[in-house]
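Residues per chain are reported as follows:
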Amino acid sequence: MHASIQQPTCSFPSLCPPSAKQGCCNSKKPFWRHQLHKTATKAKARMMMNPGSNKDDGEVSGQVGHRLYLGMDFGTSGARFVLIDKQGTIQAQGKREYPLLYMSEETMDWVSSWKKTLFSLLEDVPVSLRPLIASISIDGTSATTLIIDSTTGEPLWRPFLYNESCPDALPIVKSIAPANHTVCSGSSTLCKLVSWWNSDDSNKEHALLLHQADWLLWLLHGKLGISDYNNALKVGYDPEHDSYPSWLLSQPYSRVLPSVKAPGASIGYLQEDIRTQFGFPKDCVVCTGTTDSIAAFLAARATQPGKAVTSLGSTLAIKLLSTSRIEDARFGVYSHRLDDKWLVGGASNTGGAVLRQIFTDEQLEKLSEQINPMEASPLDYYPLHAVGERFPVADPKMVPRLQPRPESDVEYLHGILESIARIEAKAYSLLKDMGATQVDEVFTAGGGAKNRTWAKIRERVLGLPVSRAIQTEAAYGAALLALKGAQRDIDIP
């Protein structure tokens, strides 16, 4: 079966690499003809004993436990692997940038690039450690969607990337889903599915929807049609009732939806040809995955209700482990299930991008050293990179407020850092008002976690312990998921 060359009317910003533009899958060239190259790409992998090790690249731990657990993270511009033992100690890790594979002069072949990177990462795992690997799990970018042939695994369409919006499908989705549901966003997986369904006139009898992590894991275990309830959330799956809702099942495109398991559930053993090629053991189990943001939270090992992770990157994103599920599309707040708890998340448009507009990294470091974090700043800003805010204030017309600017750059930076901390405090307060568990400790990830002065300001403003997360790599969280899967009773049909 081949895809129509017609494309859904979805929009998406440019992604890394900047020159790569998206396009329809060229169905004239069967996907499985893409060959796996055994030669390394220009992006070299690095393997180390532990985070922060001074050992030369390529070294691994000399004291390895009986079994190891492999996690892989497929991000926006590249992928990583982390190999841990039962105690969570990193035994090896590495990373790869996605190779620039093109289907035409300007069309990036993302699917082939992801596949090549997957097997490159497997090659990068030290040969001596491969026989010890008990289980594997993978995380991928949330809402990155593939429509494939359920009999061959061949893509029927180009992939819909995580940040791609399908406004043509949004009115349809809003007409069938409950108000303020997570799927009521143009970038949701369901909007992408509906957009494809209404644009492609080909026979849909054998079509199947998979998320990025699902498809990559299928390459390892060989059983098509399996997802996890974290990835499936944005297609409409109800993790509270462990089922797709009736309003979704009544739609004609519901037949392309995958079956859903808990993250870290065993799916099957690693396929024999892959196992023998790379030297993995016969009992190596492939487990369901999760999204990249969930894996990053898992990496911080915040396991009790009330524990939260604030990510201080270009934006400010918070995730709180709660006993209650919170959903409100107005604020972009939604909850992922984590076993018997809920990971409640929201993201503000404030954050590091604003700081980078005003200060260089060197200035940020030197000016921060001159700030007294125990003194409150009288300046009241709302730092935004551009017009519009979503959380904790839902106002698409909100304008940045960064005035008045004092003569002292130290005072100015102090005011901005403190104002962002106040927004963070308001965000956690809003989640509490919505019914989430009250936050009692905050771990910090992202580039802003390195700023000790800012951490002390946030600790004072939040009135809570604030510390830098020891692990923040999503690949480490995926490895923990693999460890969890291996510790469960293996139930493979």
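In every chain, residue numbers begin from 1 and rise along the written sequence. Totals for whole chains, interfaces and linings use every residue, but because this is a predicted model, local features are given only for residues with pLDDT of at least 70 and side-chain atom pairs only at 80 or more, for both listing and counting. The basis for the side-chain values is all heavy atoms of the structure; hydrogens and waters are excluded.

In the nomenclature of an unreviewed UniProt entry, the protein corresponds to Carbohydrate kinase FGGY C-terminal domain-containing protein from the organism Vitis vinifera. UniProt positions are given in the numbering used here, feature names are shortened, and annotations may be inferred rather than shown by experiment. Of the protein, the UniProt comment under Sequence similarities (unreviewed entry) reads exactly: "Belongs to the FGGY kinase family."

Quick look at the overall build of the protein now. The number of helices and strands found in the protein is twelve helices and 17 strands. Buried means the residue's accessible area, taken with a 1.4 Å probe over protein chains only, is under 20% of the maximum for its type, while exposed means over 50%, and partly exposed covers the values in between. Residues classed as buried in the protein amount to 57% of the 493 residues present. The contact definition used throughout considers only heavy atoms, calling two residues in contact when any of these lie within 4.5 Å. Within the protein, residue pairs in contact and separated by at least 24 positions form 71% of the contacts whose partners lie at least 6 positions apart. Summed over all atoms, the accessible surface of the protein reaches about 21,000 Å², with 49% contributed by carbon and sulfur. Here a strand is any run of E in DSSP of at least two residues, a helix any run of H or I of at least four, and the numbering for each starts at the N terminus. Using a 1.4 Å probe, the Shrake-Rupley method yields the accessible areas, and only the shown protein chains count as cover for residues.

Turning next to the nonpolar core. Throughout this description, the term nonpolar core refers to a set of buried Ala, Val, Leu, Ile, Met, Phe, Trp, Tyr and Cys residues connected via side-chain atoms within 4.5 Å. In terms of nonpolar packing, the biggest core is built from 40 residues, with Leu70, Met72 and Leu220 touching the most fellow members. For this core, the secondary-structure elements that each account for two or more residues are strand S1 (68-74), strand S2 (78-84), helix H1 (110-124), strand S4 (133-140), strand S5 (145-149), strand S6 (207-211), helix H4 (212-221) and helix H6 (272-278). Apart from residues lying up to four places away in sequence, Leu220 is in contact with Met72, Leu118, Leu122, Ile136, Ile138, Tyr269, Leu270, Gln271, Ile274 and Val286. Core analysis: the second largest hydrophobic core is formed by 39 residues, Leu367, Leu402, Ala427 and Leu462 among them.

The next point concerns the packing of aromatic side chains. Each Phe, Tyr or Trp ring, with Trp reduced to its six-membered ring, pairs with another whose centre is within 6.5 Å; inter-plane angles below 30 degrees give stacked pairs, above 60 give edge-to-face pairs, and intermediate values give tilted ones. In the structure shown here, the tally under the stated rule is eleven aromatic pairs. Both rings, one in Trp110 and one in Trp114, keep their centres 6.2 Å apart while their planes meet at 35°; by these two values the pair is tilted. Placement of the pair is Trp110 and Trp114 together in helix H1, with a separation of four residues, close to one helical turn. Residue classification places Trp110 among the buried residues on the basis of a relative accessible area of 4%. Trp114 gets classed as buried once you look at its relative accessible area, which sits at 3%. Site record: aromatic cluster; members linked through ring pairs are Phe74, Tyr98, Trp110 and Trp114. Over the face of the ring belonging to Trp196 we find Lys204, whose NZ or CZ atom lies 5.8 Å from the ring centre. The ring of Trp197 is capped by Lys204, whose NZ or CZ atom sits 5.0 Å from the centre of that ring. Either the NZ atom of lysine or the CZ atom of arginine qualifies as a charge over a ring when it sits within 6 Å of the ring centre and within 35 degrees of the ring normal.

Below, the discussion takes up the packing of H1 against H4. Geometry is summarised by axes, namely lines fitted to C-alpha atoms with helices restricted to the contacting stretch, and by angles between N-to-C directions that run from 0 to 180 degrees. Contact pair H1 / H4: the axes reach a minimum separation of 11 Å and the direction vectors enclose 55°. It follows that H1 is oblique to H4 by the angle criterion. Judged by the twist between their axes, the crossing of H1 over H4 is right-handed. Contacts between H1 and H4 involve Val111, Trp114, Lys115, Leu118, Phe119 and Leu122 from the first element and Gln212, Trp215, Leu216, Leu219 and Leu220 from the second. The classification used treats Ala, Val, Leu, Ile, Met, Phe, Trp, Tyr, Cys and Pro as nonpolar, Asp, Glu, Lys and Arg as charged, and all other residues, Gly among them, as polar. Its residues assigned to classes, the contact of H1 with H4 shows nine nonpolar, one polar and one charged. For classification purposes, angles smaller than 35 degrees are called roughly parallel, those larger than 145 roughly antiparallel, those between 65 and 115 roughly perpendicular, and all remaining angles oblique. Helix crossings get a hand from a simple test, with the near helix turned counterclockwise from the far one by less than a right angle marking a left-handed crossing and a clockwise turn marking a right-handed one.

Here the focus is the pattern of salt bridges. Salt bridge, as used here: a side-chain nitrogen of Lys or Arg that lies within 4 Å of a carboxyl oxygen of Asp or Glu. Scanning the model with the defined rule gives 22 salt bridges in all. With its nearest N and O atoms 3.3 Å apart, the salt bridge here joins Lys307 to Asp440. Residue Lys307 is found in strand S12 (residues 307-312), and its partner Asp440 is found in the loop between helix H10 (409-434) and strand S16 (441-445); the two are separated by 133 residues along the sequence. With its nearest N and O atoms 3.3 Å apart, the salt bridge here joins Lys341 to Asp340. Via salt bridges that share partners, Asp380, Arg401, Glu418, Arg422 and Arg460 belong to a single interconnected network.

To continue, consider unusual backbone geometry. Apart from glycine, the bulk of residues carry a negative phi angle, and the bulk of peptide bonds sit in the trans form. Between Phe391 and the following residue, Pro392, the backbone shows a cis peptide bond with an omega angle of 10°. Along the chain, Pro392 falls in the loop between helix H9 (361-369) and H10. The residue after Gln403, namely Pro404, is reached through a cis peptide bond having omega 0°. Residue placement: Pro404 occurs in the loop between H9 and H10. Unlike most non-glycine residues, Ala143 shows phi in positive territory, near 70°. Along the chain, the position of Ala143 falls in the loop between S4 and S5. Backbone geometry at Arg301 places phi at a positive 55°, although glycine is not the residue there. Relative to the helices and strands, Arg301 is located in the loop between helix H7 (292-299) and S12.

This next bit is on the sheet that holds S16. Strand pairing is assigned whenever DSSP detects at least two bridges linking the two strands. Ordered in space as S14-S15-S13-S12-S16-S17, the six strands form an open sheet in which the pairing is mixed. Looking at the sheet topology across the chains shown, the edges are occupied by strand S14 (334-338) and strand S17 (466-468). Direction aside, neighbouring strands of the sheet carry axes that sit 25° apart on average. In the sheet, S12 pairs with strand S13 (residues 316-322) via five bridges, with the strands oriented antiparallel.

Another aspect to go through is the side chain of Thr189. Structurally, Thr189 is set in helix H3 (residues 189-199). Judged by relative accessible area, which is 0%, Thr189 ranks as buried. When neighbours within four sequence positions are excluded, Thr189 is seen to be in contact with Ala143, Thr145, Leu209, His211, Lys234 and Val235.

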